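Listed below, chain by chain, are the residues.
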Amino acid sequence: MKIQQINNTPQSNPNFNAKINLSGGGLFKGPKSLLPKHSFDRLEAKAKKIGDDRDIINIDIYNVRQYDPDTFLNLSKDVRTKVYLSHDFYSVNSKEFPKYNLIKGDTNKRKLSAYKLIWKYLDALEEKFGKPKTTDKK
């Protein structure tokens, strides 16, 4: 009998206690594939300027097909990206339930539009909540 070592590395669960909780994705692809390359890193850096470590910003992004009821088997090539945005800020006792946006267009346009939508959402959160004030006790 052979015993395998259990690997519990941060790479196996990248969103545990994360500032941004990104979920969703396309068929056989993760949610980062629905955003422009390296854009999630910029979103994470922006989110660090908002609230404190207990606060969570939820982003759920995935592709959906627009079904036509008149088509046999409801197969349509019209793919859209659905983005749900919400936050749960413990530091200021503010919680928002998910609201979704539906983005149309070709693949690159949907990726860029989703990124811009999330960026504007983070801008609004930054304006409303900003970075918490630290009190220095001397």
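Structure's up top.
Analysis parameters
Residues numbered from 1 in each chain as written. Predicted model: local features only at pLDDT ≥ 70, side-chain atom pairs only at ≥ 80, totals over all residues. Heavy atoms only, no water. Salt bridge = Lys/Arg side-chain N within 4 Å of Asp/Glu carboxyl O. Helix = DSSP H or I, 4+ residues; strand = E, 2+ residues; numbered from the N terminus. Buried < 20%, exposed > 50% of the residue type's maximum accessible area, 1.4 Å probe, protein only. Pairing = 2+ DSSP bridges. Axes fitted to C-alpha atoms, helices over the stretch in contact; angles between N-to-C directions. Contact = heavy atoms within 4.5 Å. Core = buried A, V, L, I, M, F, W, Y, C linked by side-chain atoms within 4.5 Å. Parallel < 35°, antiparallel > 145°, perpendicular 65-115°, else oblique. Nonpolar A, V, L, I, M, F, W, Y, C, P; charged D, E, K, R; others polar.

Colleague: Sorry, what's going on with the pattern of salt bridges here?
Modeller: Pairing between side chains of opposite charge can happen when the charged atoms of each approach one another. With the rule as written, the count across this model stands at five salt bridges. Salt-bridge contacts for Asp123 lead to Lys46; the nearest nitrogen and oxygen are separated by 2.6 Å. Here the residue Asp123 occupies a position in helix 2 (residues 107-128), and Lys46 occupies one in helix 1 (residues 39-47), the gap between them amounting to 77 residues. Judged by its relative accessible area of 32%, Asp123 is partly exposed. Among the residues examined, Lys46 registers a relative accessible area of 8% and is labelled buried. Lys99 is paired through a salt bridge with Glu96; the nearest N and O atoms lie 3.5 Å apart. A relative accessible area of 52% means that Lys99 is categorised as exposed. Salt bridges here are not isolated pairs; linked through shared partners, they connect Lys46, Asp123 and Glu126.

Colleague: What exactly am I supposed to notice about the sheet that holds strand 3 (residues 79-89) here?
Modeller: Two orientations exist for strands paired in a sheet by backbone hydrogen bonds: parallel and antiparallel. In space, the four strands of this open sheet follow the order 1-2-3-4, with mixed pairing throughout. Only two strands of the sheet have a single partner each, and these edge strands are strand 1 (20-25) and strand 4 (94-103). Going from strand to strand, the sheet's axes swing by 10 degrees on average, the running direction of each strand aside. Pairing geometry for strand 1 and strand 2 (residues 56-65), over six bridges, is parallel. Following the sheet pairing, Ser23 is matched in strand 2 by Asp60. Running at roughly 150 degrees to strand 1, helix 1 makes contact with strand 1 and strand 2 of the sheet. Of the strands in this sheet, strand 2, strand 3 and strand 4 are in contact with helix 2, which crosses strand 3 at around 15 degrees.

Colleague: Can you help me understand the nonpolar core in this one?
Modeller: As a rule of thumb, nonpolar side chains are buried together in soluble globular proteins. Counting residues in hydrophobic clusters, the biggest one holds 21 residues, and the most contacted among them are Ile57 and Ile118. With six residues, helix 2 is the single largest residue contributor to this core. Non-local contacts of Ile118, meaning those with residues more than four positions away in its chain, are made with Leu35, Leu43, Ile59, Val83 and Leu85.

Colleague: Is there a simple way to explain unusual backbone geometry in this structure?
Modeller: Outside of glycine, negative phi angles account for most residues, and trans bonds account for most peptide bonds. Despite not being glycine, His38 shows a phi value in the positive range, around 60 degrees. Take His38: it is sitting in the loop between strand 1 and helix 1. Relative accessible area serves as the criterion here: at 59%, His38 is assigned to the exposed category. Even without glycine at this site, Asn93 takes up a positive phi of about 55 degrees. With respect to the helices, strands and loops of the structure, Asn93 is situated in the loop between strand 3 and strand 4.

Colleague: Mind showing me how you'd approach the packing of helix 1 against helix 2 here?
Modeller: At a minimum axis distance of 10 Å, the contact between helix 1 and helix 2 shows a crossing angle of 5 degrees. The orientation of helix 1 with respect to helix 2, classified from their angle, is roughly parallel. Of helix 2, the residues touching helix 1 (which contributes Ser39, Arg42, Leu43 and Lys46) are Tyr115, Ile118, Trp119, Leu122, Asp123 and Glu126. Grouping the constituent residues of the contact of helix 1 with helix 2 by class yields five nonpolar, one polar and four charged.

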